[in-house]
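The residues making up each chain are set out below.
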Amino acid sequence: MTELREDGFLGGRLRIAQPAQGYRAGADAVMLAAACPARPGDSVLELGCGAGAALLCLGARVPGLRLAGLELQPAYAELARRNAAANAIPAELHEGDLARMPAALRGQSFDHVIANPPYFTGGPPAPDAGRGRARHEATPLPLWIEAGLRRLRPGGWLTLIQRSERLAEILAALSAAAGAITILPVAAREGREAGRIIVAARKGARAPLRLLSPFVMHAKPLHSADEEDLTGAAQAVLREGAALSLGGPNFR
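Caption draft 1: Quick look at the pattern of salt bridges. Tallying each qualifying case throughout the model produces 10 salt bridges. Residue Glu6 is joined to Arg15 by a salt bridge in which the shortest nitrogen-to-oxygen separation is 3.2 Å. Judged by its relative accessible area of 36%, Arg15 falls in the partly exposed class.

Structural data, given as structure tokens:
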């Protein structure tokens with residue numbers, strides 16, 4: 001990783017250095033951070049934090065959090081440290097494998113765990129090795145969920161963003177240890193199938209599952225020009241740092 005570029009998040013409130021040619025976080029990271037129901041004073045761990053975009057978006061939105069991140073790739077872990085310092089958001093950034101949790105994290109429990117696990121299980125790897133490791137699954141998705149649940153205190157929340165076709169795997173992995181599951185489909189445009197899902201689940205809860213109405217990202221029915229056409233709700237989340245409330249009586 002030699003060449004970096006600086007990307008703006010939350011309407012420029014955050015400046016995040018990311019590889020010019022490797023994996024770069026975008027809207028999914030912001031949506032994940034917006035969906036986490038953390039409150040001031042809570043502790044949050046991100047699994048697979050990359051250069052820190054989601055963790056720092058959450059820290060920018062909610063003051064007074066105790067933030068920690070775990071990243072497998074050393075270069076990205078170092079970028080996350082640099083980005084946290086550059087944006088004056090305190091965070092503990094750990095390098096290691098979630099399947100072999102570092103000792104410094106094994107002794108901790110958190111109010112929230114968030115994760116944006118790799119989306120792809122097959123196909124050719126990306127030419128850039130860092131991008132390939134970030135996007136192509138090496139550790140199975142159920143192990144991500146198990147690792148997250150282990151780091152949660154009782155009653156803590158696990159929040160994930162993933163491709164919609166992985167929903168069955170996610171629900172199966174959550175079924176034994178979590179409940180109050182809330183699913184938010186995310187569709188690119190009105191009337192389109194949801195390509196992404198945000199799933200939140202509470203450790204040890206037994207409340208019934210809730211399936212919310214889709215969150216629509218773009219206002220126009222087709223992409224017709226090289227210009228942004230976000231819906232008002234997406235604009236609020238992606239540019240203004242608004243929370244993405246999943247609501248409901250069991251969601252705090």
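Caption draft 2: Local environment of the side chain of Arg189. Within the secondary structure, Arg189 sits in strand 8 (residues 178-189). For Arg189, a relative accessible area of 7% puts it in the buried group. Among the polar contacts made by the side chain of Arg189, one reaches the main-chain carbonyl oxygen of Lys220 at a distance of 2.8 Å.

Caption draft 3: Quick look at empty space enclosed by the protein. Enumeration according to the criterion identifies 1 cavity of 30 Å³ or more in this entry. By volume, the largest cavity amounts to about 50 Å³. Taken together, Leu10, Val30, Ala33, Ala34, Cys57, Arg61, Val237, Gly241 and Ala242 make up the full set of residues lining the largest cavity. Contributing elements (two or more residues each) for the lining of the largest cavity: helix 1 (27-35) and helix 2 (53-61). It is helix 1 that contributes the most residues to the lining of the largest cavity, 3 residues altogether. The residue inventory of the lining of the largest cavity, partitioned by class, reads 7 nonpolar, 1 polar and 1 charged.

Caption draft 4: Region of the structure containing the pairing of strand 9 (residues 194-203). Sheet topology places strand 7 (residues 152-163) next to strand 9; 7 bridges connect them, and they run antiparallel. Its bridge partner being in strand 9, Leu158 is matched across the sheet by Ala201. In this structure, strand 8 lies alongside strand 9, joined through 8 bridges in antiparallel fashion. By the bridge assignment for strand 9, Gly179 is matched with Arg202. The turn joining strand 8 and strand 9, which pair antiparallel and follow one another in sequence, is formed by 4 residues; a positive phi near 85° is taken by Gly191.

Caption draft 5: Fine view of the nonpolar core. Within the largest apolar cluster, 48 residues are counted, with the highest numbers of intra-cluster contacts made by Leu14, Met31, Val44, Leu58, Ile198, Phe215 and Leu244. Ranked by residue count, the leading element in this core is helix 1, at 7 residues. Not counting residues within four places of it along the chain, the set of residues in contact with Leu14 comprises Asp7, Gly8, Phe9, Leu56, Cys57, Ala60, Asn87 and Ile89.

Caption draft 6: Up close: the packing of helix 6 (residues 141-151) against helix 7 (residues 167-174). Closest axis-to-axis distance for the helix 6/helix 7 pair is 9 Å, and the angle between their directions is 40°. Classified by the interaxial angle, the pair formed by helix 6 and helix 7 is oblique. In terms of crossing hand, the pair formed by helix 6 and helix 7 is right-handed. Counting all contacts with helix 6, which are made through Leu141, Pro142, Ile145 and Leu149, the residues of helix 7 involved are Glu169, Ile170, Ala173 and Leu174. Class assignment for the residues of the contact of helix 6 with helix 7 results in 7 nonpolar, no polar and 1 charged.

Parameters at a glance
- Residues numbered from 1 in each chain as written.
- Predicted model: local features only at pLDDT ≥ 70, side-chain atom pairs only at ≥ 80, totals over all residues.
- Heavy atoms only, no water.
- Salt bridge = Lys/Arg side-chain N within 4 Å of Asp/Glu carboxyl O.
- Buried < 20%, exposed > 50% of the residue type's maximum accessible area, 1.4 Å probe, protein only.
- Helix = DSSP H or I, 4+ residues; strand = E, 2+ residues; numbered from the N terminus.
- Polar contact = N/O pair within 3.5 Å; in protein donor to acceptor, adjacent residues only side chain to side chain.
- 1 Å grid on protein atoms, 1.4 Å probe; cavity = no way out; pocket = protein on both sides within 12 Å on 5 of 7 lines; lining within 4 Å.
- Points joined across faces, edges and corners; volume = space filled by probe spheres on them.
- Nonpolar A, V, L, I, M, F, W, Y, C, P; charged D, E, K, R; others polar.
- Pairing = 2+ DSSP bridges.
- Core = buried A, V, L, I, M, F, W, Y, C linked by side-chain atoms within 4.5 Å.
- Contact = heavy atoms within 4.5 Å.
- Axes fitted to C-alpha atoms, helices over the stretch in contact; angles between N-to-C directions.
- Parallel < 35°, antiparallel > 145°, perpendicular 65-115°, else oblique.
- Left-handed = near helix turned anticlockwise from the far one by under 90°.

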